[in-house]
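If you want the building blocks of each chain, they are given just below.
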Amino acid sequence: MKLHEYQAKEIFAKYGLPVTSGMLVKHLSEVDEALKKFPNGPWVVKAQIHAGGRGKAGGVKLAKNEMEVSQKATDILGMTLISPQTGPQGKVVKKIFITPAVDYTKELYVSVVLDRAHRCPVILASAEGGTEIEELAAHKPEAIQKVYIDPIQGLHPYQARQLHLSLGLPPDKINQGAKLFQGLVKIFMDLDLSLIEVNPLVVLKDGSIHCLDAKVSFDDNGLPRHKEYISWRDPDEEDPRELQAAEHGLSYISLDGNIGCLVNGAGLAMATADAIQHFGGSPANFLDVGGGATTKAVTEAFKIILSDNRVKAILVNIFGGIMKCDIIAQGIIDAAKQVSLSLPLVIRLEGTNVEKGKELLSKSELKYSFASSMDEAAKAIVVAAQGVKS
Amino acid sequence: MSVYLGKNAKVICQGITGSAGLFHSKACREYGTKMVGGVTPGKGGSEVEGFKVFDTVADAVKKTGANTTMIFVPALFAGDAILEAADAGIELIVCITEGIPANDMAKVNSILKQYPKTRLIGPNCPGIITPGVAKVGIMPGYIHKPGKIGIVSRSGTLTYEAVWQVTQLKLGQSTCIGIGGDPIVGTTHLDALEAFNKDKDTQAVIMIGEIGGTAEEEAAQYVKKYMKKPVAAFIAGMTAPPGKRMGHAGAIVSGGKGTAKEKIAALEAAGIVVAQSPGEIGNALVEALKGKKGKLKKKK
């Protein structure tokens with residue numbers, strides 16, 4: 001689960017990290033209140049969307065006087081921001097953050113993520129921060145420093161002090177910098193995060209270090225431990241079909257094509273999408289019904305796939321292990337009735353009770369074609385989707 | 001011989017009184033696995049479906065001589081269950097549980113370094129099976145057939161797919177290891193390849209990978225330098241968009257890294273035969289056994 005900048009800054013403030021507060025504004029009528037709360041300009045008006053690259057896309061603007069604040073707020077609220085992280089369709093800005101501008105002399109970058117190869121959290125930091133960080137990572141990876149963190153003890157104070165100096169931060173602020181780096185790691189570990197990022201981390205005129213931006217992502221597996229944050233999820237930022245799927249214990253990801261997929265198991269679901277592409281088709285989604293899917297879950301899965309009007313044909317690929325093929329077959333038959341399915345349907349069943357499953361399907365009124373292997377299924381569905389007029 | 005799991009395995013189940021734990025303990029017993037009991041704190045001294053229940057793993061080990069465990073404990077407590085098993089002297093820990101926070105697994109792995117004799121498989125995995133000998137996990141036993149092909153995979157049902165293709169080729173498997181779909185797992189592709197390389201009964205290996213991380217690339221480096229046996233592979237996730245978690249917590253392309261393309265290139269460069277479609281995993285293996293290397297040509 002990702003948080004917005006304004007939410008992340010709330011957490012930073014709770015942990016005593018240096019951030020500038022501000023006010024969240026959802027309607028233009030609230031701008032005056034923000035100016036009353038923070039009367040001293042200049043200000044920065046910042047779009048609150050989950051994707052990065054906001055500044056370059058025009059979602060972060062400086063305002064020198066109160067009129068300009070209103071003007072920038074009008075410009076940004078409701079605009080569609082397109083950055084490398086939003087995808088080509090962009091994201092509509094529904095919230096902005098109005099905050100006093102901060103004068104600074106230097107921009108740096110710092111984040112904490114999980115390092116899979118080292119099996120521990122790692123700090124990534126660079127003396128060159130700001131909007132070009134992704135290019136820096138791609139073209140000058142040696143400019144990114146790494147500090148590996150003991151997953152039990154956290155960041156040792158000496159590691160934090162060394163990092164402060166190696167980033168070229170003012171030596172007289174070494175204790176402040178060290179405290180900041182330790183604080184970031186503490187938040188990462190306390191809240192079971194998958195990412196905490198400050199870009200830019202800035203040096204103010206007096207040499208002190210300040211978090212100008214804040215980004216936080218929770219590890220979804222750790223969220224049940226941090227119930228107070230579950231309500232911080234912004235439904236505007238989520239794909240409605242993905243949310244609906246999650247409610248029914250299904251894992252759904254929207255893709256760009258026209259072939260709906262219903263599969264058990266994440267690996268097989270990915271592989272099924274790959275097989276479709278391999279034979280010249282294009283999958284509309286990734287959908288894993290999980291290991292213990294019920295008739296109800298299969299019905300919901302069909303509903304979600306069909307709510308996408310790009311879908312021209314549906315492929316069901318089930319390798320029954322613990323899940324028995326006859327139960328899945330019954331689920332498909334019931335679901336197809338409930339949603340009055342009319343699109344071409346290709347079914348491939350294998351595994352436990354496959355003969356019983358086939359028998360149920362052939363005795364039902366369901367219109368479908370049966371495939372006896374994965375490749376056969378993928379080829380058949382690609383042909384079926386091409387035959388449907390769009 | 002086999003890899004990690006042989007006929008001397010005496011197995012307990014942690015979380016045996018839960019519905020999944022009990023169901024799969026019974027299925028493992030039916031397959032022929034020597035199941036010697038289970039653990040559920042607070043239910044020690046009782047018996048369920050013929051399984052003796054203990055309060056602690058230490059107690060179970062003392063009274064049954066168990067050396068292997070299968071864990072079904074809920075996600076937020078599973079890390080503790082792994083450590084309990086290690087501390088009780090269990091040699092093979094198979095953690096089936098899905099949804100363990102990554103930071104918990106970082107801590108667990110760090111502590112497991114103190115137990116060099118303990119091997120962890122998983123979490124978030126289907127388990128391990130040595131066909132005809134024993135299974136510790138949730139895979140359907142009957143799709144397997146004793147043979148000489150080692151299989152290692154990050155996924156569950158996709159592993160069954162590979163197993164099934166091998167069984168249909170009448171080749172059979174030495175051992176199949178589901179290493180799990182999480183970012184941090186106990187046993188990696190590399191570990192499994194090393195073990196298969198040493199195993200006299202394994203003739204060739206199938207490796208099923210996924211997008212995310214660099215485990216497949218590391219395995220490819222090993223194959224290039226040390227592997228004496230043919231290797232075939234498939235990587236799932238060609239169609240996965242960046243930044244999206246494809247079901248498994250570990251299956252995510254982030255910062256342009258961990259793409260299927262990169263992985264396939266690394267595998268092919270190491271002389272591994274890579275199936276271009278999941279339906280061709282069996283064919284890729286046949287080609288690898290014939291001594292072919294690199295990309296599997298499309299059949300006309």
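Remember, it's a predicted structure, so these values are computed and weren't measured experimentally.

Trainee: Help me out: how do you make sense of the overall build of chain B in this one?
Mentor: From N to C terminus, chain B includes 9 helices and 14 strands. Taken over the C-alpha trace, chain B has a radius of gyration of 19 Å; the compact-globule value for 300 residues is 19 Å, and the two agree within 12%. In terms of overall dimensions, chain B has C-alpha extents of about 60 × 40 × 30 Å along its principal axes. Buried positions account for 62% of the 300 residues belonging to chain B.

Trainee: In this structure, what is going on with the domain arrangement of chain A? I would like to understand it.
Mentor: For an interface, size is often stated in terms of accessible area lost upon the parts coming together. Residues and elements named next belong to chain A. Per the domain assignment, the segments making up chain A are domain 1 (1-19 + 103-237), domain 2 (21-101) and domain 3 (239-386). Placing the centre of domain 1 and that of domain 2 at their C-alpha centroids yields a distance of 23 Å. Each partner contributes residues to the interface: domain 1 has 18 residues there, and domain 2 has 15 residues. Summed over both sides, the interface of domain 1 with domain 2 buries roughly 1,500 Å², with 43% coming from carbon and sulfur.

Trainee: Quick question: what am I supposed to make of the packing of aromatic side chains here?
Mentor: Here a ring pair, both rings aromatic, is described through the centre-centre distance and the interplanar angle of the planes. All names here are of chain A. In total, this model carries 5 aromatic pairs over all chains according to the counting rule given. Plain terms: the ring middles of F218 and Y229 are 5.4 Å apart, the flat faces sit at 40 degrees to each other, and that makes the pair tilted. Here F218, found in strand 12 (residues 215-218), pairs with Y229, found in the loop between strand 12 and helix 7 (240-247); they are 11 residues apart in sequence, far enough to count as distant. On the accessibility criterion, F218 (2% relative accessible area) is buried. A centroid spacing of 4.8 Å and a plane angle of 85 degrees characterise the contact between Y229 and W232, whose relative ring orientation is edge-to-face. The class of Y229 is buried, set by a relative accessible area of 3%. These aromatic residues form a ring-pair network of at least three members: F218, Y229 and W232.

Trainee: Help me understand the pattern of salt bridges, please; the structure alone is not making it clear to me.
Mentor: Opposite charge on two side chains lets them pair, provided their charged atoms get close. Under the definition given, this model contains 28 salt bridges over all chains. A salt bridge links B:D104 to A:R225, with the shortest nitrogen-to-oxygen separation between them at 2.6 Å. Taken together, the positions of B:D104 in helix 4 (residues 102-112) and A:R225 in the loop between strand 12 and helix 7 put the pair across two chains. Look at B:D104 and you get buried, because its relative accessible area is 11%. Between A:D308 and A:R310 there is a salt bridge, with the nearest N and O atoms lying 2.7 Å from each other. Overlapping salt bridges, with partners in common, bring together A:E5, A:K9, A:K46, A:R54 and A:D213 in one network.

Trainee: Would you take a moment to explain the interface of chain A and chain B for this structure?
Mentor: Contacts between chain A and chain B engage 47 residues on the former and 57 residues on the latter. Roughly 4,100 Å² is buried in total at the junction of chain A and chain B, and carbon and sulfur atoms are behind 59% of that figure. For chain A, the biggest contributors to the area lost against chain B are A:R116, A:R119 and A:N221; these three give 19% of the whole. The interface formed by chain A and chain B holds 3 salt bridges in total. The shortest N-O distance in the salt bridge between B:K244 and A:E242 comes to 3.2 Å.

Trainee: How should I be thinking about the packing of helix 10 (residues 325-338) of chain A against helix 11 (residues 354-363) of chain A in this particular structure?
Mentor: All names here are of chain A. Running from N to C, helix 10 and helix 11 cross one another at 20 degrees; their axes reach a closest spacing of 7 Å. Judged by the inter-axis angle, helix 10 sits roughly parallel to helix 11. In the packing of helix 10 onto helix 11, the handedness of the crossing is right-handed. Residues C325, D326, A329, Q330 and I333 of helix 10 lie in contact with helix 11, whose contacting residues are V354, K356, G357, L360 and L361. Grouping the amino acids of the contact of helix 10 with helix 11 by side-chain chemistry returns 6 nonpolar, 2 polar and 2 charged.

Cut-offs applied
Residues numbered from 1 in each chain as written. Chains lettered and ligands numbered in written order. Predicted model: local features only at pLDDT ≥ 70, side-chain atom pairs only at ≥ 80, totals over all residues. Heavy atoms only, no water. Helix = DSSP H or I, 4+ residues; strand = E, 2+ residues; numbered from the N terminus. Rg over C-alpha atoms; globule rule 2.2 N^0.38 Å. Buried < 20%, exposed > 50% of the residue type's maximum accessible area, 1.4 Å probe, protein only. Domains from an automatic or database assignment. Contact = heavy atoms within 4.5 Å. Buried area = accessible area lost by both parts, 1.4 Å probe. Phe/Tyr/Trp six-rings, centres within 6.5 Å; stacked < 30°, edge-to-face > 60°. Salt bridge = Lys/Arg side-chain N within 4 Å of Asp/Glu carboxyl O. Axes fitted to C-alpha atoms, helices over the stretch in contact; angles between N-to-C directions. Parallel < 35°, antiparallel > 145°, perpendicular 65-115°, else oblique. Left-handed = near helix turned anticlockwise from the far one by under 90°. Nonpolar A, V, L, I, M, F, W, Y, C, P; charged D, E, K, R; others polar.

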